[in-house]
Amino acid sequence: MRVFESIVGFFERILLPSWEADPSLNTVETVGFYITLCIGTLFTLCYAYQFFYLFAACVIKPKRYKSAPMDKRYAVVIAARNEERVLPLLLASIKGQTYPQSHIDIYVVADNCTDRTAAVAREVGAHVFERHNKQTVGKGYALAFLFDRIREGVGLSAYDAYLFFDADNVLREDFIEQINKAYGAGYRVITSYRNSKNYGKNWISAGYALWFLRESRHLQNPRAILGCSAAISGTGFLVDGGIIERNGGWKHFLLTEDIEFTADCILHGDRIGYCHAAEFFDEQPETFGQSWRQRKRWAKGMFQVIRHYGRGLLTGAVHLRWSCFDMLMNITPAFVLSSVQLVANTVLLLLNFVIYGTLSPTLFNCLAEFLIFGYGIFFALGLAALVCEWRRIHCGKVRAVALLFTFPLFMLTYIPISLAAFFSRRVEWKPMEHKHAMTAEEIENAGRVSKNRN
C-alpha cells in the first residue's frame, strides 16, 4: 500500500504540481522540491511525445512497401575484428538471399585481426582488405579505409547503395529483397528490424534485446508511419551511393559513428526510412563488464555528437523541423536528467542530515519515488514491447516474462554509466567477443525448444 501511495504521490507532483513548496519545509527540502519539480516538468515536456509514438505503433500496422524491381546493385560492407567464429554465418546468410546474387558484392575489412577472419571471408568470394593500424582504432576508421579501397578499385559510383552489417549479424533470407522495396519507395537511407540471437541468456542480453525490439517497433516504426525520420542504430542499414559519394566515402569517426551519421543526414535534409519487414539478428553482451564498457562508449559518443551537431539540431528544432527536435531528444540522453535528479536528491538528503541532524522524510520520499517511478516507466515500456513482439522473441516464454522484471534494472544502470561517461576524459572503442554462431533457423528453433520445455 505504501508503494502504491508513493507512486500516486509522485504522479500528483509531476502531472498536477503545486507550484509552491510547502511552507513547513526547511531550506534544503525546498531546494529539493523545486529541483524535482523542474526536472520532472522538463522531462515530461521533452519526452512525452514518445508515448504518442507508442500509441501510433499499437493502433496502426507497420508500414509496408510495394514490390520493386530487383535490379539495383548493392555492396555489402562489413567491418570485422577477430570474427572468424561468427563471420561465416553472416556471409552464408548473404549468399542465401532471395535477391539476385549477381547484384550483390561483399566487402570485408579485416581490422587489426590476428585470426582467420580475412581467410574465411576470401573463402566465400568476398573482397577482403586487411588493415593494420593501432593509432586510429574504431569502426569508423575501418569503414573509411574500406571505402577508400572501393574508390580506388571500382569507384564509389559502381553501386546504387551500400548495406552495412557487423560481423555477428545474421540476415533473414529476404532481408535485401525487403529493404530494396523501401529503397524503391524513395528513401536514400533505411534502417531495419533488429532482433537478437541470445535473448534468453541472462538479464543483460535480455535487457539489450528488449530495448532493440522496443526501438524497432515503438520508435522507428511510428516514425515511418508518421513520415518522420528514423535513426540509424549501429548496424543493418542501407545508404544510397550518392550520399557516400557526397561524403567522399565514410567520414564519421566519433565513438557512436551511427548516431553521428544520423545527425549529419538529418541536417542535410535526408529523411531516414525504416523497413519493418527487413529483419536481422545480432548478438548481445552477456556480462555486466562488457555491457558497462559498451554503454559507456555509447553515452560518451552521445555527448560527442551533442558537442559537434547539437547546435545545428537545436537551430533546426527552433525552425520547427520535427526530425531535428526528435534527433536532439535522441542524442540528449534522458539519463542525464535522471542522473542530475538522483545526484541532487542524494546530496541534499546528506546535506539535510549534516545541517539539521535528520534524514528528511520529504527528500527520502523524493529519492524513493524517483526510483519507483523509473522502474515503473521502464516496466511499462518493456511490457508493451514484449506484448507487441511476442512472436519474434526467440526464447522460452516463461523466461521472457521473468526477464521483463529485470529490464527496468538494466535500464536504470544507464544512470551511473552516463555519469561515468560524462566525467571520463577518455573512452576508447574496444571490440566485443562474439561466440554465438547461429543461422536464423537455429535461432528460431532454439526458441521453440525452450518453449516446449516450458
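Residues numbered from 1 in each chain as written. Predicted model: local features only at pLDDT ≥ 70, side-chain atom pairs only at ≥ 80, totals over all residues. Heavy atoms only, no water.

Caption draft 1: How the structure looks around the packing of helix 8 (residues 203-225) against helix 11 (residues 288-318). With their axes 9 Å apart at the nearest point, helix 8 and helix 11 run at an angle of 35° to one another. Of the residues in helix 11, those in contact with W203, I204, Y208 and F212 of helix 8 are F288, S291, Q294, R295 and W298. (Axes fitted to C-alpha atoms, helices over the stretch in contact; angles between N-to-C directions. Helix = DSSP H or I, 4+ residues; strand = E, 2+ residues; numbered from the N terminus. Contact = heavy atoms within 4.5 Å.)

Caption draft 2: The arrangement of the confidence of the model for the chain in detail. Summarising the model, the chain shows a mean pLDDT of 89, and 93% of its residues fall at 70 or more. Here residues 14-19 scores under 50 on pLDDT; set against residues more than four positions off or in separate chains, the count is 11 contacts. (pLDDT = per-residue confidence, 0-100.)

Caption draft 3: A look at the packing of aromatic side chains. In total, this model carries 30 aromatic pairs according to the counting rule given. Between the aromatic rings of Y208 and F410, the centroid separation amounts to 5.1 Å while the plane-to-plane angle is 55°, which identifies the pairing as tilted. Note that Y208 is positioned in helix 8 and F410 in helix 16 (residues 407-412), a separation of 202 residues in sequence. On the basis of relative accessible area, Y208 is assigned to the buried category, the value being 2%. Take F410: its relative accessible area is 2%, and that puts it in the buried class. Put simply, the rings of Y107, F147, Y159, Y162, F164, F237, W250 and F261 pair up and form one aromatic cluster. Taking the ring centre of Y193 as reference, the NZ or CZ of R392 above it sits at 3.7 Å. Lying across the ring of W390, K397 places its NZ or CZ 4.8 Å from the centre. (Phe/Tyr/Trp six-rings, centres within 6.5 Å; stacked < 30°, edge-to-face > 60°. Buried < 20%, exposed > 50% of the residue type's maximum accessible area, 1.4 Å probe, protein only. Lys NZ or Arg CZ within 6 Å of the ring centre and 35° of its normal.)

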